[in-house]
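Analysis of the macromolecular model
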Amino acid sequence: MKISVELTLTPLQNDFEPAIIHFIKKLRASNLKVLENPLSTQIYGSYDEVMQLLNTEIKEVFQLIDKGLLYMKIIKSDRHDYEPHF
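Let me sum up the structure you'll find in this document.

Calculation notes
- Residues numbered from 1 in each chain as written.
- Predicted model: local features only at pLDDT ≥ 70, side-chain atom pairs only at ≥ 80, totals over all residues.
- Heavy atoms only, no water.
- Helix = DSSP H or I, 4+ residues; strand = E, 2+ residues; numbered from the N terminus.
- Contact = heavy atoms within 4.5 Å.
- Polar contact = N/O pair within 3.5 Å; in protein donor to acceptor, adjacent residues only side chain to side chain.
- Expected span 1.5 Å × (residues − 1).
- Buried < 20%, exposed > 50% of the residue type's maximum accessible area, 1.4 Å probe, protein only.
- Arc of directions from axis to C-beta.
- Core = buried A, V, L, I, M, F, W, Y, C linked by side-chain atoms within 4.5 Å.

1. Brief notes about the environment of Ser 4
Tracing the backbone shows Ser 4 in strand E1 (residues 2-11). Spatially, the C-alpha atoms of Ser 4 and Gln 42 are 7.0 Å apart, while their sequence positions differ by 38 residues. Look past the residues within four positions of Ser 4 in its chain and what remains in contact with it is Ile 43, Tyr 44, Lys 73, Ile 74, Ile 75, Ser 77, Asp 78 and Arg 79. Polar side-chain contacts of Ser 4 include one of 2.5 Å to the backbone oxygen of Ser 77. Among the polar contacts made by the side chain of Ser 4, one reaches the main-chain amide nitrogen of Arg 79 at a distance of 2.8 Å.

What follows is the structure, given as structure tokens:
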């Protein structure tokens, strides 16, 4: 089963950029399709691969920050090639 996941990491601390950069670089190093924009990061692939990666990397980034939020949306389909039709 293919999924699409959108993530927004928000460390609640003054020095927030290093944790976000670390998290994104770890996601990029995977063999999954990773797209970024100024507001979020999207990951596309099989459910098991994506969730295994996220389980590891979310735990690691949470250990790097004092407090923080992670917003996650999961869609049951691979939407990496979506283009508006209107």
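2. Side note on helix H2 (residues 47-64)
Over its 18 residues, H2 extends 26 Å from the first C-alpha to the last, a length consistent with the 26 Å expected when each residue adds 1.5 Å. Residues of H2 that are buried in the fold lie against E1, helix H1 (17-28), strand E3 (41-46) and strand E4 (68-75).

3. So, H1
Taking 1.5 Å of rise per residue, the twelve residues of H1 would be expected to cover 16 Å, and the 16 Å separating its terminal C-alpha atoms lies within 8% of that figure. When we look at burial in H1, the residues that qualify are Ala 19, Phe 23, Ile 24 and Leu 27. Taken end-on, H1 shows its buried residues confined to a sector of 125 degrees, consistent with a single buried face. Exposed positions of H1 whose direction lies more than 90 degrees from the buried face are Glu 17 and Lys 25.

4. As for the side chain of Ser 46
As for its placement among the helices and strands, Ser 46 is situated in strand E3. Classification of Ser 46 by relative accessible area gives buried; the value is 19%. A polar side-chain atom of Ser 46 sits 3.0 Å from a polar atom in the side chain of Glu 49. Ignoring any residue separated from it by four or fewer positions in sequence, one finds Ser 46 in contact with Met 1, Lys 2 and Ile 3.

5. Things to note about the nonpolar core
Among soluble globular proteins, nonpolar side chains are generally buried collectively. In this structure, Val 5, Leu 7, Phe 23, Leu 27, Ile 43, Val 50 and Leu 54 are the most contacted members of the largest nonpolar core, which totals 16 residues. For this core, the elements supplying multiple residues, two or more each, are E1, H1 and H2. Ranked by residues supplied to this core, first place goes to H2 with five residues. Setting aside anything within four residues of it in sequence, one finds Ile 43 in contact with Ile 3, Ser 4, Val 5, Leu 7, Leu 27, Leu 32, Lys 33, Val 34, Val 50 and Leu 54.

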